[in-house]
Amino acid sequence: MDAIVLLKDDHKTVEKLFKEFEKAGEQAYKTKQEIVGKIVEELTTHAYIEEQIFYPAAREGAPDTSDHVLESVEEHHVVVWMLSELTKLDPKDERFDAKVSVLIENVRHHVEEEEEEWFPKVREAMGRKRLQELGEQMAKAKAEAPRDPLALSSASA
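What counts, and where the lines are drawn
Just so you know, the residues in each chain are numbered from 1, in the order the chain's sequence is written. Since the coordinates come from a predicted model, pLDDT governs what is reported: local features require at least 70, and pairs of side-chain atoms require 80 or more to be given and counted, while whole-chain, interface and lining totals use all residues. Values reported for side chains reflect all heavy atoms of the structure, with hydrogen atoms and water molecules removed beforehand. By convention a nonpolar core is built from buried Ala, Val, Leu, Ile, Met, Phe, Trp, Tyr and Cys residues, the set being connected through side-chain atoms within 4.5 Å. The rule is simple: take the accessible area with a 1.4 Å probe, protein chains only, and divide by the maximum for that residue type; under 20% is buried, over 50% is exposed, in between is partly exposed. Think of it this way: any DSSP run of H or I at least four residues long counts as a helix, any run of E at least two long counts as a strand, and we number them from the N terminus. In what follows, residue pairs with any heavy atoms lying within 4.5 Å of each other are defined as contacts. Salt bridge, as applied in this entry: a Lys or Arg side-chain nitrogen positioned within 4 Å of an Asp or Glu carboxyl oxygen.

Enquirer: Even after reading the chapter, I still don't get the nonpolar core, so can you show me in this structure?
Expert: The nonpolar side chains of a soluble globular protein tend to be buried with one another. The biggest cluster of nonpolar side chains holds 25 residues, and the ones touching the most others in it are Phe-54, Trp-118, Val-122, Leu-131, Leu-134 and Met-138. Mapped by element, the contributors of at least two residues to this core are α1 (3-23), α2 (29-61), α3 (66-88) and α4 (96-141). Setting aside residues no more than four positions away along its own chain, Met-138 makes contact with Ala-3, Leu-6, Leu-7, Ile-49, Ile-53 and Phe-54. Of all hydrophobic cores here, the second largest spans 20 residues; its members include Val-36, Val-40, Met-82 and Leu-83.

Structure representation (C-alpha cells):
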C-alpha cells in the first residue's frame, strides 16, 4: 500500500470517530469515553508511523517540505498531550467535551494541511515505488506503536 493512501485511510477512520463523538448525546458518557479511547489509540498509532517513518523519509525525499514536517511535529506535540489528558479525564468532567472539541479542531486542521498542501508535493517528489515501500513499512510498524501518547517522540519535542 502507498504511504499516502495509508495515511489518508487513517484520517478517514479518525474522522468517522469524530463524527460518532459529535453525534453522541450530551449524557452519553460511557459511549463518549469508548469513542475517545479509540481516538487515542488511532491517533497515537498514526502519529507514531508518521514520526518514525514518513516524516524522516519525506524530509529526505522532498527536502523543500522540511518546514511542513517541523510544523507537523509541533502539531503532534499539542495533540498527544491532549490525548494523554483525555485518558485521565472523566467524561462527566465539564472540560471533557470541550477538550475533545479542541482536539477535533486541531486534528482536522492538521489533516487538511497534509492532504491539500503537503501530500501532493511529497507524492510528486518521491514517486510511486518509494511511497509503496514506505507504506509497507508503515503498515508493519503499526503493531509496534506505543499505546501511551506520551511515549511518542513529539511528546517531548
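Further notes follow.
Enquirer: I keep staring at the pattern of salt bridges and nothing clicks. Help me out?
Expert: Any two side chains of opposite charge can pair, so long as their charged atoms come close to each other. Enumeration over the complete set of coordinates arrives at eleven salt bridges. Salt-bridge contacts for Lys-19 lead to Glu-15; the nearest nitrogen and oxygen are separated by 3.7 Å. Of the two residues, Lys-19 and Glu-15 both sit in helix α1, four residues apart, roughly one turn of that helix. On the accessibility criterion, Lys-19 (43% relative accessible area) is partly exposed. In this structure Glu-15 comes out as partly exposed when scored by relative accessible area, which is 22%. Put simply, Glu-15, Lys-19, Glu-22 and Arg-108 are held in one network by salt bridges that share partners.

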